[in-house]
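Per-entry structural report
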Amino acid sequence: MTARHRIIIDTDPGQDDAVAILLALGSPEIEVLGITAVAGNVPLRLTEKNARKVCELAGKPETRVYAGAIRPMVRPLVTAEQVHGKTGLDGPDLPEPVMPLQKQHAVDFIVETLMAEEAGTVTLCPLGPLTNIALALVREPRIAARIQRIVLMGGGFFEGGNTTPAAEFNIYVDPHAADVVFRSGVPIVMMPLDVTHKALTSSARIAAFRKLDTRPALATAEMLEFFERFDETKYGTDGGPLHDPCVIAYLLQPDLFRGRDCNVSVEIASELTMGMTVIDWWGVTKRPKNAMVMRDIDADGFFALLVERIGNL
Ligand code: BDR
Ligand code: CA
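Quick look at the structure, then. (Residues numbered from 1 in each chain as written. Chains lettered and ligands numbered in written order. Predicted model: local features only at pLDDT ≥ 70, side-chain atom pairs only at ≥ 80, totals over all residues. Heavy atoms only, no water.)

A closer look at the site of ligand 1
How we decide: Residues are counted as near a molecule or strand when any one of their heavy atoms sits within 4 Å of it. Residues adjacent in sequence count toward polar contacts only when both atoms are side-chain atoms; beyond that, a polar contact is any pair of N or O atoms within 3.5 Å, and within protein one must be able to donate a hydrogen and the other to accept it. Here the accessible surface of atoms and residues is derived via Shrake-Rupley with a 1.4 Å probe, and residues count as covered only by protein chains that are part of the display.
The full set of residues close to ligand 1 is Asp16, Asp17, Asn41, His84, Leu127, Met153, Asn162, Glu168, Phe169, Asn170, His243 and Asp244. The side chain of Asp16 places a nitrogen or oxygen atom 2.6 Å from an oxygen atom of ligand 1. Here Leu127 contributes a backbone N or O atom positioned 3.0 Å from an oxygen atom of ligand 1. The protein chains hide 96% of the 280 Å² of surface that ligand 1 would expose on its own.

Some remarks on the nonpolar core
As a rule of thumb, soluble globular proteins bury nonpolar side chains together. Our working rule: Throughout, nonpolar core names a set of buried Ala, Val, Leu, Ile, Met, Phe, Trp, Tyr and Cys residues whose side chains join them through atoms within 4.5 Å. We call a residue buried when its accessible area falls under 20% of the maximum for its residue type, exposed when it is over 50%, and partly exposed in between, using a 1.4 Å probe and counting protein chains only. Secondary structure elements are taken from DSSP: a helix is a run of H or I of four residues or more, a strand is a run of E of two residues or more, and numbering for both begins at the N terminus. Should any heavy atoms of two residues lie within 4.5 Å, those residues are considered in contact.
Of all hydrophobic cores here, the largest spans 61 residues; its most connected members are Ile7, Ile9, Met191, Ile248, Phe257, Phe302 and Leu306. The greatest single-element share of this core, amounting to eight residues, is contributed by helix α1 (residues 15-25). What Met191 contacts, discounting residues up to four positions off in sequence, is Leu152, Met153, Gly154, Thr196, Cys246, Val247, Tyr250, Phe257 and Met294. Judged by nonpolar contacts, the second largest core, of 36 residues, contains Phe109, Val122, Leu124 and Val264.

Considering the sheet that holds strand β6 (residues 188-191)
This is how the line gets drawn: Two strands pair under a simple rule: DSSP has to find at least two bridges between them. What counts as an axis is a line fitted to C-alpha atoms, over the stretch in contact for a helix, and the angles between N-to-C directions run from 0 to 180 degrees.
As summarised here, the arrangement of the eight strands in space is β3-β2-β1-β4-β5-β6-β10-β7, forming an open sheet in which the pairing is mixed. Edge positions in the open sheet fall to β3 (65-67) and β7 (257-262), since each of these has one partner strand only. Geometrically, the sheet is characterised by an average inter-axis angle of 25° between neighbouring strands, direction not taken into account. Sheet analysis places β7 next to strand β10 (residues 291-297), joined by six bridges and oriented antiparallel. Paired with Arg260 across the two strands is Val293, which belongs to β10.

Quick look at a nonpolar patch on the surface
Short version of the rule: Think of a patch as exposed residues, more than 30% relative accessible area, with no salt bridge, where like charges cluster within 9 Å and nonpolar side chains (Val, Leu, Ile, Met, Phe, Trp, Tyr) cluster within 5 Å. Criterion for a salt bridge: a side-chain nitrogen of Lys or Arg within 4 Å of a carboxyl oxygen of Asp or Glu.
On the surface, a nonpolar cluster with roughly 380 Å² of combined accessible area is contributed by Phe158, Trp282 and Val284. Relative to the assigned elements, Trp282 resides in the loop between β9 (277-279) and β10. Among the residues examined, Trp282 registers a relative accessible area of 61% and is labelled exposed.

Regarding α1
Within α1, eleven of the eleven residues are buried, which leaves the element mostly enclosed by the surrounding structure. Burial in α1 covers these residues: Gln15, Asp16, Asp17, Ala18, Val19, Ala20, Ile21, Leu22, Leu23, Ala24 and Leu25.

A closer look at the layout of surface pockets
Keep this limit in mind: Every definition here rests on a 1 Å grid over the protein atoms only: cavities are sets of points where a 1.4 Å probe fits but cannot get out, pockets are open sets enclosed by protein on both sides within 12 Å along at least five of seven lines, and lining residues have some atom within 4 Å of a point. Grid points are joined across faces, edges and corners, and a volume is the space filled by probe spheres set on the points. Under the scheme applied here, ten amino acids are nonpolar (Ala, Val, Leu, Ile, Met, Phe, Trp, Tyr, Cys and Pro), four are charged (Asp, Glu, Lys and Arg), and all others, including Gly, are polar.
Approximately 300 Å³ is the volume attributed to the largest pocket. Considering the residues around the largest pocket, the lining is formed by 24 residues, among which Ala80, Val83, His84, Asn162 and Phe169 are closest to the centre. Counting residues per element, the ones that place at least two in the lining of the largest pocket are α1, α3 (81-84), α6 (169-173) and α10 (215-235). Examining the composition of the lining of the largest pocket, we find that four residues originate from one element, α10, more than from any other. Tallied by class, residues from the lining of the largest pocket come to nine nonpolar, eight polar and seven charged. If you add up the space inside the second largest pocket, you get close to 150 Å³. Every residue along the wall of the second largest pocket is listed here: Ala24, Leu25, Ser27, Pro28, Ile30, Glu31, Val32, Lys60, Glu62 and Thr63. Elements that contribute at least two residues to the lining of the second largest pocket include exactly α1 and β2 (30-37). The biggest single contributor to the lining of the second largest pocket is β2, with three residues. Partitioned by chemical class, the residues of the lining of the second largest pocket number five nonpolar, two polar and three charged.

Some details on the environment of Thr123
Residue position: Thr123 is located in strand β4 (residues 122-126). Judged by its relative accessible area of 1%, Thr123 is buried. Expressed as a C-alpha distance, the spacing of Thr123 and Val42, which sit 81 residues apart in the sequence, is 25 Å. Every residue in contact with Thr123, bar those within four places of it in the chain, is listed here: Arg6, Ile7, Ile8, Gln148, Arg149, Val151 and Leu251.

Points about the pattern of salt bridges
In total, this model carries 13 salt bridges according to the counting rule given. Of the charged contacts, one joins Glu96 and Lys49 as a salt bridge, the two residues approaching to 3.1 Å between their closest N and O atoms. Taken together, the positions of Glu96 in the loop between α3 and α4 (106-116) and Lys49 in helix α2 (residues 44-57) put the pair 47 residues apart, joining distant regions of the chain. Taking the relative accessible area as the measure of exposure, Lys49 reaches 21% and is therefore partly exposed. Put simply, Arg6, Glu31 and Glu117 are held in one network by salt bridges that share partners.

Things to note about the coordination of the calcium ion (ligand 2)
Just so we agree on the cut-off: Any N, O or S atom lying within 2.8 Å of the metal counts as a donor, with the limit raised to 3.2 Å for Na, K and Ca; because water is left out of the atom set, some sites can appear incomplete.
Within the first shell, the calcium ion (ligand 2) binds the protein through Asp12 (OD), Asp17 (OD), Asp17 (OD), Leu127 (O) and Asp244 (OD), at distances of 2.3 to 2.6 Å. Going along the chain, you hit the donors of the calcium ion (ligand 2) in the pattern D-x4-D-x109-L-x116-D. Of this pair, Leu127 sits in the loop between β4 and α5 (131-139) while Asp244 sits in the loop between α10 and α11 (245-252), and the two are 117 residues apart along the sequence. For Leu127, a relative accessible area of 1% translates into the label buried. For Asp244, a relative accessible area of 2% puts it in the buried group.

Given below as structure tokens:
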């Protein structure tokens, strides 16, 4: 099958990032041009290594992985070891990767790829803080018109925040980068907490991965069991939200999701609400609609897709 989607995954693995990468690498409709790592859930030296571990777990060591920004644009780095563990990928015992890290900087790779490929053919899939994407847009503003679209995980409105009462982690960590991205004019599809909080890893859903009995599927079950424990305590649910794979699932099966076009603006001034994504869901302002904001998901269909595709690996 020829790939329908040619993508760059920008990521801070993170167990849910890892599952998103596995979903992409297990899907013949998707060609992963490269994976760019950013500091986020854990520092960059771990996120780039984790990205390589996941490519090897998928049996795709030829995937190109690039290291990007070591810290957010303005604010100091905030990490989330309390959620993801010390390595960022706690749960399964994954070997140290042997595949190389590419020498080129992630931001240069993003710019070079977008300038070299036919305009409108490459989609960016950010799963972490938006630092690399914003730096690329600032470094070479001509890429904005060449990006097919950005499908990202970040923000929240009706659900509030998961890092502060107002802000979701990815946007909170680098609100200035998010501001650059949401003002860029690039078409954006946004997966906020309002949709990802409806994609819960229940025990029955994790059991479906175990049943596949392959190394990638068993590692997925182990990652999810580790990852969900923090949110289960926090939210009192059976299972935790599986955020980042929503981005890749949207490329494969957009009808799993429902949302609407809105204006999204990012708070970068008030310390109290720093990183809040102010979503004009009801269209009460004249601000331009700059993102398709998702709010509903067919969660059973989403997990069925994950099991099928991770089963391909
Ligand atoms: C986001 O923050 C990270 O902890 C997850 O990987 C996800 O990208 C959810 O708020
Ligand atoms: Ca992430």
